[in-house]
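Listed below are the residues making up each chain.
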Amino acid sequence: VQLQASGGGLVQAGGSLRLSCATSRRTSSNYVMGWFRQAPGKEREFVAAIRWSAGYTYYSESVKGRFTISRDNAKNTVHLQMNNLKPADTALYYCAASGSLILSTLRSASAYGYWGQGTLVTVSS
């Protein structure tokens with residue numbers, strides 16, 4: 001499985017960006033795709049995830065209400081719409097996927113077996 005992320009950039013606080021992640025294939029009916037981010041000097045943290053078949057979505061508390069994860073079945077692509085961005089959202093954002101994770105581990109980076117390259121999001125104050 002290959003994941004190709006895109007859409008990062010520089011934006012002012014309060015602005016919006018949309019990240020996209022295309023997956024080369026879905027390995028199972030339980031396919032889950034997620035977004036993680038890592039700021040300089042910090043550990044990688046969960047941002048959002050979506051269960052492909054059911055469309056259920058999950059968010060970290062820090063982005064709930066501002067970010068929306070969605071999927072495009074026809075294009076095998078997941079999007080992360082990020083609104084009302086804050087300087088604290090500045091990080092390298094990674095998309096990830098798994099065909100077999102246990103739902104209770106959905107927010108853990110170690111549960112995902114496939115990773116895309118990072119895309120940088122910089123939010124200026």
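What you are looking at is a predicted structure, and each value in this text was computed from that prediction instead of being measured.

A.B. asks: Please set out the packing of aromatic side chains residue by residue, giving values where relevant.
C.D. replies: Counted by the stated rule, this structure contains 5 aromatic pairs. Ring geometry for Phe36 against Tyr112: centres 5.3 Å apart, planes inclined by 75°, an arrangement best described as edge-to-face. A residue pair is termed long-range when its members are at least 10 positions apart, and Phe36 in strand S4 (residues 32-38) and Tyr112 in the loop between strand S9 (91-98) and strand S10 (114-115) qualify at 76 residues. The exposure classification of Phe36 matches that of Tyr112, with both residues buried. For the cation-ring pair, Arg44 lies above Trp115, with the distance from its terminal atom to the ring centre recorded as 4.8 Å.

A.B. asks: Describe the state of the cysteines, naming the residues involved and giving the relevant values.
C.D. replies: Using the criterion set out here, one finds 1 disulfide in the structure. A sulfur-sulfur separation of 2.1 Å characterises the disulfide bridge that pairs Cys21 with Cys95. On the sign convention where negative means left-handed, the S-S torsion of about 55° between Cys21 and Cys95 marks this disulfide as right-handed. With Cys21 in strand S3 (residues 17-23) and Cys95 in strand S9, this pair connects stretches of sequence that are 74 residues apart. No difference in accessibility class separates Cys21 from Cys95, as the two residues are buried.

A.B. asks: Any details on the pairing of S3? Residues and values, ideally.
C.D. replies: Within S3, 5 of the 7 residues are buried, leaving the element largely enclosed by the surrounding structure. Note that strand S1 (residues 3-6) and S3 share 4 bridges and pair antiparallel. Bridge pairing links Ser6 to Ser20 in S3. The pairing of S3 with strand S8 (residues 77-82) spans 6 bridges and is antiparallel. Bridged to Ser20 within S8 is His79.

Rules used throughout
- Residues numbered from 1 in each chain as written.
- Predicted model: local features only at pLDDT ≥ 70, side-chain atom pairs only at ≥ 80, totals over all residues.
- Heavy atoms only, no water.
- Phe/Tyr/Trp six-rings, centres within 6.5 Å; stacked < 30°, edge-to-face > 60°.
- Helix = DSSP H or I, 4+ residues; strand = E, 2+ residues; numbered from the N terminus.
- Buried < 20%, exposed > 50% of the residue type's maximum accessible area, 1.4 Å probe, protein only.
- Lys NZ or Arg CZ within 6 Å of the ring centre and 35° of its normal.
- Disulfide = S-S within 2.5 Å.
- Pairing = 2+ DSSP bridges.

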